Amino acid sequence: MHATGGGGGGSRMLPPKQLLTIAIVIFSTLSFIKLLLITSSSSGSSSSPRSPSWDAGGGGNGTGRGALAAKELALLRSLVAARAPCRLLVFGLSPQLLSLARLNSAAGSGDAAATAFVTDSAEDADAARRVLSSGRKAGGAAVAIVHRARYRHAASEAWPLLRRARGSPACRRPTGAVRKSGCPLALTSLPREVLDARWDVMVVDGPSGAAPGEPGRMGAIYTAAALARAAAAAGEGGGEAAVVDVAVHDVDRTVERWYAWEYLCEDNLVAAKGRLWHFRVGAGGPPDAFCDTGPVQIL
């Protein structure tokens, strides 16, 4: 007699290895389905309007991608307050940045307190204009002007652009109007009221540049540096007018950090908080280069 002999095999259990394999397949399938659901949900939420975060007060600590930390916003506000009323140019647009315009306008009016924002987002531009219109008194001057821009280069093009710029005489320190520059980094499509103005303070916190395929900040940093040099040279001998403050956000990212070193110069760095660098650009330096030192070595 055989103890294992029985004719029906329906009650036989699968070997442990097969059970483990089946369990792993089921678990992997469920995990993949969960990942698809999460990705679909996040992509849907990222395409939804950001208007609920826009309010007349502006400011706040911010929690979104690329938002200014509390200490970074405090540094920007103290910088603007120290120069206000001033001519303030901001690349980028958010409720936090919009609060800088209100701070500037509260210190004075007229040409002394002029704020302009440059953004590539139609959604942000419309939201900001609604906030500005709602807070504007009847017959009063605009707190700020919002300009739309189209950035030609993605963040992934940063290094080829920098190599070309280093070899191009047109990308050296400008001696004439920035709007006439032949450098591919110069944002010459901006309106004349931006490129021909003498700015006291500039902030670079846009465009996004958070992914290789998104618009990068190479042109914004170069243009801010060129405008700062031009304004400082025009105001040379006029005390404070010969100094331009430029702040660059997200310097933890490679593109922002190296372009800031290349065109705003290590010698001009006067303060840093978190991911924000504050440069003070004067009229000095070599006539044909942005910085006293040679090009930054990129490893």
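Residues numbered from 1 in each chain as written. Predicted model: local features only at pLDDT ≥ 70, side-chain atom pairs only at ≥ 80, totals over all residues. Heavy atoms only, no water.

- Under the annotation held in an unreviewed UniProt entry, the protein chain carries the name Polysaccharide biosynthesis domain-containing protein and is attributed to Urochloa decumbens.

Regarding the overall build of the protein chain
- Helix and strand counts for the protein chain come out as 8 helices and 7 strands.
- Counting only residues that meet the buried cut, the protein chain has 42% of its 299 residues in that class.
- In the protein chain, once contacts between residues fewer than 6 apart in sequence are set aside, the share between residues at least 24 apart is 74%.
- Element-wise, carbon and sulfur atoms account for 57% of the exposed surface of the protein chain, whose accessible area totals about 15,700 Å². (Helix = DSSP H or I, 4+ residues; strand = E, 2+ residues; numbered from the N terminus. Buried < 20%, exposed > 50% of the residue type's maximum accessible area, 1.4 Å probe, protein only. Contact = heavy atoms within 4.5 Å. Areas by Shrake-Rupley, 256 points an atom, 1.4 Å probe, with all protein chains shown as cover.)

Points about the packing of aromatic side chains
- For the structure shown, the criterion picks out 7 aromatic pairs.
- Centroid distance Tyr222 to Phe290: 5.5 Å. Interplanar angle 65°. Geometry classified as edge-to-face. With a gap of 68 residues between them, Tyr222 in helix α7 (residues 218–234) and Phe290 in the segment after β7 (276–281) connect regions that are remote in the sequence. Assigned by exposure class, Tyr222 and Phe290 land together as buried.
- Each member of the aromatic cluster is reached from another via a ring pair, and the members are Trp159, Tyr222, Tyr259, Tyr263 and Phe290. (Phe/Tyr/Trp six-rings, centres within 6.5 Å; stacked < 30°, edge-to-face > 60°.)

Describing the state of the cysteines
- Tallying each qualifying case throughout the model produces 2 disulfides.
- Disulfide pairing is shown between Cys171 and Cys183; the S-S distance is 2.0 Å. Because the torsion about its S-S bond is 95°, the bridge between Cys171 and Cys183 counts as right-handed. In this pair, Cys171 sits in the loop between α5 (158–166) and α6 (192–195) while Cys183 sits in the loop between α5 and α6, placing the two residues 12 residues apart along the sequence. The exposure classification of Cys171 matches that of Cys183, with both residues buried. (Disulfide = S-S within 2.5 Å.)

Some remarks on unusual backbone geometry
- Omega for the peptide link from Ala84 to Pro85 comes to -5°, which places this bond in the cis form.
- In this structure, Pro85 sits in the loop between α2 (70–83) and β1 (87–91).
- The amide bond that connects Gly206 to the next residue, Pro207, takes the cis arrangement and shows omega of 0°.
- Located in the positive-phi region is Asp250, a residue other than glycine, with phi close to 65°.
- Among the structural elements, Asp250 can be located in the loop between β5 (244–249) and α8 (254–264).
- Judged by relative accessible area, Asp250 falls into the buried class, the value being 2%.

Some points on the side chain of Asn268
- Among the structural elements, Asn268 can be located in the loop between α8 and β6 (269–273).
- A polar side-chain atom of Asn268 sits 2.8 Å from the main-chain carbonyl oxygen of Leu264.
- Not counting the four nearest positions on each side in its chain, Asn268 is found in contact with Arg229, His278, Phe279, Arg280 and Val281. (Polar contact = N/O pair within 3.5 Å; in protein donor to acceptor, adjacent residues only side chain to side chain.)

Structural notes on the nonpolar core
- Within the largest apolar cluster, 52 residues are counted, with the highest numbers of intra-cluster contacts made by Leu89, Phe91, Leu185, Met202, Tyr222, Tyr259 and Tyr263.
- For this core, the element with the most residues is α7, which contributes 11 residues.
- Counting residues in each nonpolar core, the second largest holds 26 residues, with Leu98, Ala128, Ala247 and Leu276 among its members. (Core = buried A, V, L, I, M, F, W, Y, C linked by side-chain atoms within 4.5 Å.)

Some points on the pairing of strand β4 (residues 201–204)
- Taking every second residue as pointing to the same face, both faces of β4 are buried, with Val201 and Val203 on one and Met202 and Val204 on the other.
- Bridge analysis of β1 against β4 gives 4 bridges, and the strand direction is parallel. Each bridged residue has a counterpart across the sheet, and for Leu89 the counterpart in β4 is Met202. (Pairing = 2+ DSSP bridges.)

Points about the sheet that holds strand β3 (residues 145–148)
- One open sheet accounts for 7 strands, arranged β3-β2-β1-β4-β5-β7-β6; its pairing is mixed. Each edge of the open sheet carries a strand with a single partner, namely β3 and β6. Between one strand axis and the next, the sheet turns by 15° as a mean value, whatever way the strands run.
- Sheet topology note: the β1/strand β2 (residues 114–119) ladder contains 5 bridges and is parallel. When the bridges of β2 are listed, Leu89 appears paired with Ala116.
- The strands touched by helix α3 (residues 95–106) are β1, β2 and β4; relative to β2, the strand with the most contacts, the crossing angle is about 165°.
- The sheet strands contacting α8 are β5, β6 and β7, and the helix crosses β7 at an angle near 10°. (Axes fitted to C-alpha atoms, helices over the stretch in contact; angles between N-to-C directions.)

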